[in-house]
Structures are given as C-alpha cells and as structure tokens.
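Structural overview for review
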Number of protein chains: 2
Amino acid sequence: MEKIRVMIVGYGNVGRGVFAALGNNPDMELTGIVSRSVERVKKELPGTPVLPVEDAAAWKAAFRPDVAILCGGSKDDLPKQGPQLIREVNTVDSFDNHSRIPEYWASMEAAAKAAGHVSVISTGWDPGIFSLERVLAGAFIPGARPYGFYGLGPKGGLSMGHSDALRTIPGVRDARQFTHAIPEAVDRVRRGENPEFQPGDMHTRECFVVLEEGADKEAVTRTILEMPGYFAPYKTTVNFVSQQELDEKYKGFPHDGLVVAAGVTGKGHSAVAEYRCQWESNPEATANVLVAHARAAARLAREGRSGAFTILDIPATYFTTLSREELLKHWM
Amino acid sequence: MEKIRVMIVGYGNVGRGVFAALGNNPDMELTGIVSRSVERVKKELPGTPVLPVEDAAAWKAAFRPDVAILCGGSKDDLPKQGPQLIREVNTVDSFDNHSRIPEYWASMEAAAKAAGHVSVISTGWDPGIFSLERVLAGAFIPGARPYGFYGLGPKGGLSMGHSDALRTIPGVRDARQFTHAIPEAVDRVRRGENPEFQPGDMHTRECFVVLEEGADKEAVTRTILEMPGYFAPYKTTVNFVSQQELDEKYKGFPHDGLVVAAGVTGKGHSAVAEYRCQWESNPEATANVLVAHARAAARLAREGRSGAFTILDIPATYFTTLSREELLKHWM
C-alpha cells in the first residue's frame, strides 16, 4: 500500500515531535519540511529536504504532500497560515486558543470547502482527546458535566504559556511554571457535586524563576502575583532558583491531565467517567495525536470529503492502522 | 424537530435501564416495547404499549420505530433476534460475547445491507466505550498495548456471568460474585512494562454464596474453585452468607473498570492514557450508552447509510444532541 506523504510546517518543539512520531508510523513518510527558517532546520536535520513555507509551488512539486501537519503557534502562526495553506494541501493543526476555535473553524471550513481540501483543526490532547472525552461523557452519562484538571502528578504539569508570561517580566532571565490540580476540587467533581468553580478553585500555580543580576526579588514577585488572568486568580507560589537548578530539576515538558464527569443513571445511581493522560513530553504527545489525525485527513480526502473537521467528526477507525478484521477480533 | 421513535426489545435489567434513560433524552420517545412475555411487561408498565416480538407487522404499524434497542442476552437472544429484526428496523444492541463479535458482525452486516437498515452492534461500556478507548490509546500512543481491569473500587464489580455460574452449582440457592482488580498488575501496566498476563494475574474473584438447606459446604467450595474458565484460573475466595445478608450487603449491580495503556513518545518519553468508569448500576450504564447509539443509528439511517456499525465507526457528533456551534464554543 502506498504510504501517506506528510509534510511538516514549522520546526519547533511540536515539529520535532512530529518528526520523531512519523518514524513510529510505517504507513506514513515524511517527504519534507517547510519553514520560515530554512537554514536553521537544514542545520539541525542535514539529510531532510527543507523549503521556504512561502514557496508553495516549489514544495508542492518537491514534496507532493497528501497532508501538511501545521506545527506553528496558535497566536501568530496558525490564524494566518491555516487559511493560506489549506488552499494548497490537506492540513492538520493543533490550534488551541479555545475561545477562538469557532472563528478559526469557520475560516478553515470556508477555505477548505472552496479548495476541495480536508482541514482537521484543533487536535492534540486538549483541545483534542479531551474534547472528545468531554463530549462522550456528556452523551453517555445523563446530567454529567465534564471538568478538566491539569497537573495531577506530584511535579505538576509545565505550562508553556504561563512560563512565557513569566519570561516577559523585567528582571526575569528564565522561568518555568508548573500547574497543580487541587485534589479536593477533583474529589468534589467525582462525588457528583457538579460544582461552580472559579479558576482559582481548581488549580494552583508554582513558579520557578531565575533572576537577572541585580533584579528586585520583591518587585518581580509582586508583578507575578498581580498578573491578571495568568496568576492573579490563583494561589501562586514563586521560587527563585539558579539557572543550573532550573535546567536540572525542572527541565523537559512534562504535563498531564484529567477529564472527569459525574452524573446519575436511572433513579439516582451514580456514574463517573474519567480520562487521564500523563506525558513526559507534552509537545511529543501533541505530535503523536497530530500524526494519527494526518492519517485520518488523508483517508477523508481519498473519500472525496472536504471542509473543516475536528476530532468529534472522525470515527476511531480513521485513526488506526488496524484492519476491520483485527479490530473486530482483538480490540472490541 | 421530530423525536426519534424508539422501541425496546426485551424487558429485563437492561430494558428497564433503557426505559429510564429515554426519560432523560428529550430528543427521543419510547413508542412501545416488544417482548416474549407481553403480560409480565404490561403488568410492570401499565401505561406502556407492549406487543409480542414475533408479530413484526403489528409492532411496525403500531410503534413505527426509527430504531429498536435490543436488550436481550448475547448467548441465546441476540444471535437469533438480531439478524431477524434488522430486516424490519434499524437496531442497536450490546452483544458482548467478545470471541464471537466477528461472526455476529458479519451476519448483521449482510442482513442490514440487504434490508437497507443500520445495525449498531456490541455497544455498552465493554464492548463499547472500552473498545473505543483501546483503539484510541493504540492510535495515539506508539507501542501502547491497552489492558482492561475490572472492579478497582473497594467493593469490586459484580459479575453477572460468574454469579449465574455459581447459581448452577447443586446446593447453591443464591450467589453473587465480585471481581477485584489486582493493584500491582495495574501498576505494572502504568509503568509501561506491557506485561504478559495470565487471567489470574489481573483479577481475583470473591464469591458470596447462600446454601440450600443441608448442602455440603466443602463440596460446593471445591466445585467453585475447580470450575474451569470461571474460577479455576483465579485466586478465588468463597464466603457463605445468609440470604438476608446477600440481599442487604451485596445488592444492586455495581461495576467499574479501567482501560490503561502505556508507551513512549519520541526517544523514550513515557506516555500513559487511562479511561476509568464507575457505575452504581451496570445495566443502566449499558442502557445509557445504547440510547446514545440509538440516536447515532437514527442519524446514520437518515443519511441513507446501511450495514453493521460499531462504536469505532461512529463520530462523537452522532452521539450528542449538542449543535456544532455549541460543540465548537464550549466543548472543544
């Protein structure tokens, strides 16, 4: 069977994860990478063809991709790149700005329909697997209201967005922020209380900050604790550490989360469903989910489908390489 | 919008659960029940129309069902009823004899295609949700091998099949069997060992038995412990209790389970996914999942689809009453 030809768009942490993930999926092959920093990527991956993202004619001819996996950021890259690239090729992305998903979906739906391409948007583990688990829990358990918790393990989960926010503060040289779920809040949901939470009721935030030479500890602390949206609503702790300590003890991109929903069946019999995932590498997790969705996008396109899809629109058979016979025999 | 007209086939524990579940789903209405024991069901549900299952002409005219939810057993009822009823109406069932699913799928696929009907087979929580979670974990985590555990809570999970098996033993008046997961086995899977388990490595079995007057305790115990398949491969404990104790302390149909799969992403970063559910009423759990699949079956049929489907073939949007706008805005 012919392999699915995949192109990677953007080579940061998620792009690297996709590169590694494609090696574990024998039905797919990487035919090339496009980037805004061709030289940097070429240097990192000497054997791999890399072309500038702007030159669609060139990469279409050279890479002939069935699907492009867009590995750019949701703030600046995807809102522009998505609607442009979908004119040229089927795409999969991890657009994760939850409040803007309806708007992004609409723009991708219109452009994908016009081009006759398939766009799978907003996948990864949240949005993505967690979205699916929320909808399934809501459909299968009457009255269940799904909640999302993050950082349930002892170390918590590294929040990239919050780490970036810390690094914008004057006097901060480097920083990483770990999110922790509040166990009592998880228990309340499990007990079926369906509580009304404020953000600060569900999670706490732990910051590890490396100061610039001579920076003012107290001013930095105050700025962090008062940062609206990011830290002000939360119980936040600030720890000052050396660069070495940060690099050694708080390295990597671990993250984990839980979708939990409780309701009742019949005349008051309790029912609880939970989906939990733990990833030593958050960007690699996203990358693996993206790759499975690239398989789905290629299959949808082969069937002549077009438009914008989410994980909610795609049956599980499209994600797996297993045949119907194998699925019925061993996986049901 | 017109409601989905649902007919219940067979009124045992699952049928009762479906009856209750339909009351929680305002987009669906119960138009009637068919049964082999019309008088018994009429007595239990005075206001509800009940007709004999054999008289298809009568129930089709009276109930005009969009979907029939088949609530019979997998051993004797469904293998016969399924292929007969699918000629008349779209069906959903919880056929749960795992080793015979390929055969059952083939017979339903052929009959459903011939009739132009939709048959959703083998749904509930296992097979059903657990099948979906196994396939998703396998697709999203490279090298992950999903394991199923049952009875993780302190009381364990009531196994109907094993309780029935106990009741066939001479000298046993009544009995209930609770399955317990072995926590160390769960831990081994979570650690990513992907172990080769024998059945007895994953679960233990706890029996609560009420003896007939004058029955031989030791003979009964021996018969239980040596029963091939059911108890011989497991660490099994046998407790003799009074009927009153059984009815008070071990009543109801609680069950719970876990799908857990561990693998690695990239160059050896650990990844673990788990789906856990806990049901105070196992048959009501199955019933609620069946009802969501009845919605999906009606939608598939309205699109002109036909043939046999499993949960693996159906996107989440088909299970939920939420609109695309609501899903994109609040559930992604």
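Predicted model only: the values in this text are computed from it and were never measured.

1. Considerations on the overall build of chain A
- Per the secondary structure count, chain A includes 13 helices and 14 strands.
- Taking 332 residues into account, the globule formula puts the C-alpha radius of gyration at 20 Å, and chain A, at 22 Å, falls close to it.
- Within chain A, buried positions represent 57% of all 332 residues.
- Put simply, 68% of the contacts in chain A that link residues at least 6 apart link residues at least 24 apart.
- When the accessible surface of chain A is totalled, it reaches about 14,100 Å², and 49% of it is carbon and sulfur.

2. Remarks on the relation of the copies chain B and chain A
- Between chain B and chain A, the superposition needs a rotation of 180 degrees and an axial shift of 0.0 Å, giving an RMSD of 0.0 Å. Put plainly, the chains are arranged around a two-fold axis.
- Comparing contact sets, 100% of the residues at the interface of chain B also lie at the interface in chain A, consistent with an isologous, same-surface contact.

3. A few points about the sheet that holds strand β13 (residues 269-279) of chain B
- Taken in spatial order, the six strands make up an open sheet running β7(A)-β12(A)-β13(A)-β13(B)-β12(B)-β7(B), and their pairing is antiparallel. Edge positions in the open sheet fall to β7 (147-150) of chain A together with β7 (147-150) of chain B, since each of these has one partner strand only. Strand-to-strand twist of the sheet, defined as the mean angle between neighbouring strand axes without regard to direction, takes the value 15 degrees.
- Bridge count between strand β12 (residues 255-265) of chain B and β13(B): eleven bridges; the pairing is antiparallel. Within the sheet, the bridge partner assigned to B:Ala262 lies in β13(B) and is B:Val272.
- Sheet contacts for helix α6 (residues 129-140) of chain A: β7, β12 (255-265) and β13 (269-279) of chain A together with β13 of chain B; angle to β12(A), the most-contacted strand, approximately 5 degrees.

4. Regarding helix α5 (residues 101-115) of chain A
Residue and element names in this part refer to chain A.
- In a regular helix each residue adds 1.5 Å, so 15 residues correspond to 21 Å; α5 covers 21 Å between its end C-alpha atoms and thus fits that length.
- Inspection of α5 places Ile101, Tyr104, Trp105, Met108, Glu109, Ala111 and Ala112 among the buried residues, and these make up the whole buried set.
- In the stretch just after α5, Gly116 is the one whose phi turns positive, near 75 degrees.

5. Quick notes on the interface of chain B and chain A
- Taken together, the 61 residues of chain B in the interface contact 61 residues of chain A.
- Interface area, chain B with chain A, both sides summed: about 5,400 Å², of which 65% is carbon and sulfur.
- Three residues, B:Phe140, B:Trp331 and B:Met332, lead the burial of chain B against chain A; their summed loss comes to 17% of the area buried on that side.
- Taken together, the connections running from chain B to chain A amount to two salt bridges.
- Two residues, B:Arg324 and A:Asp313, come together in a salt bridge whose shortest N-O distance is 2.6 Å.
- For the pair chain B and chain A, the number of links is 24 residue pairs in polar contact (both at pLDDT 80 or more).
- Only α5 (101-115), α6 (129-140), β13, α12 (282-302) and α13 (324-331) of chain B provide two or more residues apiece to the side of chain B that touches chain A.

6. Topic: the domain arrangement of chain A
Residue and element names in this part refer to chain A.
- With domains assigned, chain A is organised as domain 1 (4-126 + 283-327) and domain 2 (129-280).
- When each unit is reduced to the centre of its C-alpha atoms, the spacing between domain 1 and domain 2 is 28 Å.
- On the domain 2 side, the residues contacting the ten residues of domain 1 number 14 residues.
- At the boundary of domain 1 with domain 2, total buried surface from both sides reaches about 1,000 Å², with 73% on carbon and sulfur atoms.

7. Let's talk about the sheet that holds strand β3 (residues 50-52) of chain B
Residues and elements named next belong to chain B.
- A sheet is described by the order of its strands in space; here seven strands give the open sequence β3-β2-β1-β4-β5-β6-β14, paired in parallel fashion. Looking along the sheet, the strands with just one partner apiece sit at the ends: β3 and β14 (307-309). For this sheet, the mean angle separating the axes of adjacent strands, direction not counted, is 25 degrees.
- The pairing of strand β1 (residues 4-9) with strand β4 (residues 67-70) spans four bridges and is parallel.

8. A word on the nonpolar core
- Core analysis: the largest hydrophobic core is formed by 164 residues, its most contacted members being A:Val18, A:Phe140, A:Phe319, B:Val18, B:Phe140 and B:Phe319.
- When neighbours within four sequence positions are excluded, A:Val18 is seen to be in contact with A:Ile8, A:Ile69, A:Cys71, A:Ala287, A:Leu290 and A:Val291.

9. A short note on the confidence of the model for chain A
- Residue-level pLDDT values for chain A average 96, and 100% of them are 70 or greater.
- Quick note on the complex model: pTM equals 0.97, ipTM equals 0.96.

10. Comments concerning the pairing of strand β5 (residues 90-93) of chain A
Residue and element names in this part refer to chain A.
- Side chains of β5 alternate between two faces, with Asn90 and Val92 and Thr91 and Asp93 buried alike.
- Regarding topology, helix α4 (residues 78-85) serves as the crossover connection from strand β4 (residues 67-70) to the parallel β5, and that connection is right-handed.
- Note: β5 against strand β6 (residues 118-120), two bridges, orientation parallel. By the bridge assignment, Thr91 is partnered in β6 with Ser119.
- In this view, the connection linking β5 to its parallel neighbour β6 by way of α5 has right-handed handedness.

11. So, the packing of aromatic side chains
All names here are of chain A.
- The final tally for this structure, using the stated rule, is 24 aromatic pairs over all chains.
- Ring geometry for Tyr11 against Phe19: centres 6.2 Å apart, planes inclined by 85 degrees, an arrangement best described as edge-to-face.
- The positively charged end of Arg205 is found above the aromatic ring belonging to Tyr234, 4.2 Å away from the centroid.

12. Brief notes about the environment of B:Ala232
Residue and element names in this part refer to chain B.
- Its place among the elements puts Ala232 in the loop between α10 (217-225) and β11 (235-240).
- Since its relative accessible area comes to 42%, Ala232 is described here as partly exposed.
- The spatial distance from the C-alpha of Ala232 to the C-alpha of Phe63 is 47 Å, given a sequence separation of 169 residues.
- Among all residues touching Ala232, those that are not within four sequence positions of it are Leu225, Glu226 and Met227.

Criteria and cut-off values
Residues numbered from 1 in each chain as written. Chains lettered and ligands numbered in written order. Predicted model: local features only at pLDDT ≥ 70, side-chain atom pairs only at ≥ 80, totals over all residues. Heavy atoms only, no water. Helix = DSSP H or I, 4+ residues; strand = E, 2+ residues; numbered from the N terminus. Rg over C-alpha atoms; globule rule 2.2 N^0.38 Å. Buried < 20%, exposed > 50% of the residue type's maximum accessible area, 1.4 Å probe, protein only. Contact = heavy atoms within 4.5 Å. Areas by Shrake-Rupley, 256 points an atom, 1.4 Å probe, with all protein chains shown as cover. Least-squares fit on C-alpha atoms with pLDDT ≥ 70 in both. Pairing = 2+ DSSP bridges. Axes fitted to C-alpha atoms, helices over the stretch in contact; angles between N-to-C directions. Expected span 1.5 Å × (residues − 1). Buried area = accessible area lost by both parts, 1.4 Å probe. Salt bridge = Lys/Arg side-chain N within 4 Å of Asp/Glu carboxyl O. Polar contact = N/O pair within 3.5 Å; in protein donor to acceptor, adjacent residues only side chain to side chain. Domains from an automatic or database assignment. Core = buried A, V, L, I, M, F, W, Y, C linked by side-chain atoms within 4.5 Å. pLDDT = per-residue confidence, 0-100. Right-handed = clockwise from strand over helix to strand, strands pointing away. Phe/Tyr/Trp six-rings, centres within 6.5 Å; stacked < 30°, edge-to-face > 60°. Lys NZ or Arg CZ within 6 Å of the ring centre and 35° of its normal.

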